[in-house]
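Take a look at the letters that make up each chain.
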Amino acid sequence: MLNPDVIERKGWCPGALRPMPSGDGLIVRVRPVMGTLRLRDLLALESAAGRFGNGQIDLTRRCNLQIRGVSEATLAPLQAALRELGLLDAEVAAEAVRNIMVNPLAGIDAKATDIRPVALTLGERLRDDRTLWNLPGKFGFIVDGGGALDLAAERADIRLTAVDPDGHFALGLDRPDGIEWLGCVAGDAATDLAMACATAFIGLSGSRHGRMRDIGDRDIATIRAGVEAQLVPLSQIPSHHLPAARVGLFDHGASQLAIGFAAPFGRLEPEQLGALSTVASQAGITELRLSPWRVLYAPVNDAPSGRRGLEAAAAAGLIVAPNDPLLRIEACPGAPSCASTRLDTRATARTLAAHFPQNFSGTVHVSGCAKGCARSAPSDLVLVGAGDRFGIVRNGTPRGTLAGEVSLAELASHPDQIFRCKAPA
């Protein structure tokens, strides 16, 4: 049984064993291994979300799922259902430490290294090594194989990036101004060195720091000294390219195809979850992969079945068009789901999406409060809630300097002016 004292504390990363309270009940986070779910497991989660929560499932930026609206009375039966599906860890700390992002098209994209064996070993080591359970709750890892949907733009404390077809990885640490690359390591030793860096971080930081980017250069030098004997210099820094699209049909040749479809603001509503069975039947889908962009990816057999699957996804209200403005808007759950705001952030975000100017190509973040839970990186335009109004931030985060403010009435009557970051007259 969950300790009532734990339920009352707020602000941690929720789990299935240690949920977090919100305005609509407990949030239960499910962490599938390598962000991959069998379709039948997702449909079982749909049923569990309806029986033990409010039916809503959120996709997170860490490649996890969150079931909302769970009560103290329904928590135990939900955990039992997760255990039966193999989605429940044995202990709270083992669950909390498994923060790993991997390429959603690993094993499908022929131009990417299949990093799943390394990521699987890393997850097992994190689960089994009790020393590593002392890592902070938000501390995370990336194992990146490159390809069409690489993870170079995502942040994590320790990064392994494939640099050649022979299985060598670049090892990097997150710093305030970007990645500090330590060197190159063979794949069979990559996990060992990532673990060594994490263990050194624990020894250096104690409880003083939550992230690798928070520690000083002297501590980074100490971590480097502990692993550099097993590294060789990088011949070149891992490159990054902007993807042509993150939704739609991905055809990598040699019968390696997948489709990607996004949930608006990362939320799968009950009717959309039910429609996923239709999508699956249209495209022969047996598994779904999560991503840090809140896009679901699924391997398909051929292009015609993939297109049928995308048509079914679009009919269910999911996003399949690369130019859909909703793909450029992040919005937290807002009211009434979250008690930290009185503002309906997602209704506001839909209003903005309907009025995107043709000359606006940036990103938008609508946050109910200054915490900025939906997005940590800067956005071109940020609306941050304060009371019954939104403050406006340009090229920043919800904690940035306000360029103006706007009421809900002004926002409804002059949404196009918001993109110029000026409050309507």
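For the structure itself, consult the block above.
In this report, the structure presented in the accompanying data block is examined. The structure displayed is predicted, hence computed values, not measured ones. Counting starts from 1 at the beginning of each chain's written sequence and moves along it residue by residue. Thresholds applied to this predicted model are a pLDDT of at least 70 for local features of residues and 80 or more for the giving and counting of side-chain atom pairs; totals over whole chains, interfaces and linings are not thresholded and use all residues. With hydrogens and water stripped out, all remaining heavy atoms of the structure feed into the side-chain values.

Re the overall build of the protein chain
Applied cut-off: The way it works is that DSSP assigns letters per residue, a run of H or I at least four long becomes a helix, a run of E at least two long becomes a strand, and they are numbered from the N terminus. C-alpha atoms define the radius of gyration, and 2.2 Å times the number of residues to the power 0.38 defines the globule rule. Note on definitions: a residue-residue contact is assigned when non-hydrogen atoms from the two residues lie within 4.5 Å. Surface accessibility follows the Shrake-Rupley procedure with a 1.4 Å probe radius. Residue values consider only the protein chains on display as shielding.
Looking only at helices and strands, the protein chain has 12 helices and 20 strands in total. For 425 residues, the compact-globule estimate of 2.2 N^0.38 gives 22 Å, and the C-alpha radius of gyration of the protein chain, at 21 Å, lies within 12% of that figure. C-alpha atoms of the protein chain, sized along the principal axes, occupy 65 × 50 × 50 Å. A separation of at least 24 residues holds for 60% of the contacts in the protein chain among residues at least 6 apart in sequence. Counting every atom, the protein chain has about 18500 Å² of accessible surface; 50% of that belongs to carbon and sulfur.

Some words on the sheet that holds strand E2 (residues 25-30)
Definition in use: Pairing between strands requires that DSSP locate at least two bridges from one strand to the other. Axes here refer to lines fitted to C-alpha atoms; in helices the fit is confined to the stretch in contact. Angles between the N-to-C directions go from 0 to 180 degrees.
Pairing in this open sheet of 5 strands is antiparallel, and the strands run E1-E2-E5-E4-E13 from one edge to the other. Across the chains shown, the open sheet's two edge strands, defined by having one partner strand only, are strand E1 (20-22) and strand E13 (267-268). Alignment of E2 against strand E5 (residues 65-70), held across 4 bridges, turns out to be antiparallel. Across the sheet, Val28 pairs through a bridge with Ile67, a residue of E5. Contacting E2 and E5, helix H3 (residues 72-84) crosses the sheet at an angle of about 15° to E2.

Some details on the sheet that holds strand E10 (residues 178-186)
Read across the open sheet, the 5 strands follow the order E6-E7-E8-E9-E10; overall the sheet is mixed. Strands with a single pairing partner mark the edges of an open sheet, and in this sheet they are strand E6 (100-102) and E10. With strand direction ignored, the average angle separating the axes of adjacent strands in the sheet is 20°. Pairing analysis gives 3 bridges linking E6 to strand E7 (residues 141-144), with the strands arranged parallel. Bridging from a neighbouring strand, Ile100 pairs with Phe141 of E7.

Examining the pairing of strand E20 (residues 402-407)
For a regular strand, the rule is simple: side chains alternate between the two faces of the sheet. With 5 bridges joining them, strand E19 (residues 389-396) and E20 adopt antiparallel strand pairing. Note that in E20 the partner of Gly391 across the bridge is Glu405. The antiparallel hairpin formed by E19 and E20 contains 5 residues in its connecting segment.

With respect to the pairing of E5
Threshold: Partly exposed residues are those whose accessible area sits between 20% and 50% of the maximum for their type, while under 20% is buried and over 50% is exposed, using a 1.4 Å probe and protein chains only.
Burial runs high along E5: 5 of the 6 residues are buried. Taken together, strand E4 (residues 57-59) and the strand that follows it, E5, pair antiparallel across an intervening segment of 5 residues, in which Cys63 is found at a positive phi of about 65°.

Remarks on the pattern of salt bridges
A pair can form between side chains of opposite charge whenever their charged atoms are brought close. As a reminder, the rule being used: The salt bridge criterion pairs a side-chain nitrogen of Lys or Arg with a carboxyl oxygen of Asp or Glu, the two atoms within 4 Å.
Under the defined criterion, the tally for this structure stands at 21 salt bridges. Notably, a salt bridge pairs Asp174 with Arg155, separated by 3.2 Å at the nearest N-O pair. One end of the pair, Asp174, is in strand E9 (residues 168-175); the other, Arg155, is in the loop between E7 and strand E8 (158-162), and 19 residues separate them in sequence. Judged by relative accessible area, Arg155 falls into the partly exposed class, the value being 43%.

Structural notes on the environment of Thr401
Summarising the element assignment, Thr401 is placed in the loop between E19 and E20. It is 9.2 Å that separates the C-alpha atoms of Thr401 and Gly391, two residues lying 10 residues apart in sequence.

What about the packing of helix H8 (residues 270-283) against helix H9 (residues 303-315)?
The description of two packed helices rests on the angle between their axes and on the distance between the axes. We apply this condition: Throughout, the term roughly parallel applies to angles under 35 degrees, roughly antiparallel to angles over 145, roughly perpendicular to angles from 65 to 115, and oblique to all others. Definitions for this section: a left-handed crossing has its near helix turned counterclockwise from the far helix by less than a right angle. A right-handed crossing has that turn clockwise. Gly counts as polar in this scheme, as do all residues outside two lists: the nonpolar Ala, Val, Leu, Ile, Met, Phe, Trp, Tyr, Cys and Pro, and the charged Asp, Glu, Lys and Arg.
Direction vectors running N to C along H8 and H9 enclose 165°, while the axes themselves pass 7 Å from each other. Considering the angle they form, H8 stands roughly antiparallel to H9. Like other packed secondary-structure pairs, H8 and H9 cross with a definite hand, here right-handed. On H9, the residues that touch Thr278, Val279, Gln282 and Ala283 of H8 are Ser305, Arg308, Gly309, Ala312 and Ala313. Counted by class, the contact of H8 with H9 contains 4 nonpolar, 4 polar and 1 charged residues.

A closer look at the packing of aromatic side chains
We count it as follows: Under the pairing criterion, centres of Phe, Tyr and Trp rings, with the six-membered ring standing for Trp, must be within 6.5 Å; the plane angle then separates stacked pairs below 30 degrees from edge-to-face pairs above 60, leaving the rest tilted.
Throughout the structure, instances matching the rule amount to 7 aromatic pairs. Here the aromatic cluster, defined as three or more aromatic residues joined through ring pairs, consists of Phe139, Phe141 and Phe201.

Observations concerning the side chain of Arg159
We count it as follows: In this charge count, Lys and Arg are treated as positive and Asp and Glu as negative; neither His nor the chain ends contribute. Any N or O atom pair separated by 3.5 Å or less is treated as a polar contact, with the protein-specific requirement of one donor-capable and one acceptor-capable atom, and with residues adjacent in sequence counted only for side-chain atom pairs.
Within the secondary structure, Arg159 sits in strand E8. For the buried Arg159, which has no salt bridge, the nearest side chain bearing the opposite charge is Asp144, at an N-O separation of 4.5 Å. Of note is the side chain of Arg159, whose polar atom sits 2.2 Å from the backbone oxygen of Glu154. Beyond its immediate stretch of four places on either side in the chain, Arg159 contacts Ile142, Asp144, Leu151, Ala152, Glu154, Ala170, Leu171, Gly172, Ile179 and Trp181.

Things to note about H9
Rules: Here, expected helix span is obtained from the residue count minus one, scaled by 1.5 Å.
For H9, spanning 13 residues, the distance from its first C-alpha to its last is 18 Å, which sits close to the expected 18 Å at 1.5 Å a residue. Restricting attention to buried positions, one finds in H9 the residues Ala303, Ser305, Gly306, Gly309, Leu310, Ala312 and Ala313. Looking at the buried positions of H9, the neighbouring elements they touch are strand E11 (248-251), strand E12 (257-262), H8 and strand E15 (295-300). Remark: Gly317 follows H9 within two positions and exhibits a positive phi of approximately 90°.

Notes on the packing of helix H2 (residues 39-52) against H8
In contact at an axis separation of 10 Å, H2 and H8 are set at 155° when each is read in the N-to-C sense. By the criterion of interaxial angle, the relationship of H2 to H8 is roughly antiparallel. Here H2 runs over H8; the crossing is left-handed. On H8, the residues that touch Leu39, Leu42, Leu43 and Glu46 of H2 are Pro270, Leu273, Gly274, Leu276, Ser277 and Ala280. Class assignment for the residues of the contact of H2 with H8 results in 7 nonpolar, 2 polar and 1 charged.

What about the environment of Ala73?
With respect to the element layout, Ala73 can be found in helix H3. With a relative accessible area of 66%, Ala73 lands in the exposed category.

Topic: helix H10 (residues 345-353)
Worth spelling out the cut-off: In this description, one arc is meant: the one made by directions from the helix axis to the C-beta atoms.
Among the residues of H10, those classed as buried are Thr345, Arg346, Thr348, Ala349, Leu352 and Ala353. Across the axial projection of H10, the buried residues extend over an arc of 155°, all falling on one side.

These results come straight from atomic positions and should not be treated as a statement about function.
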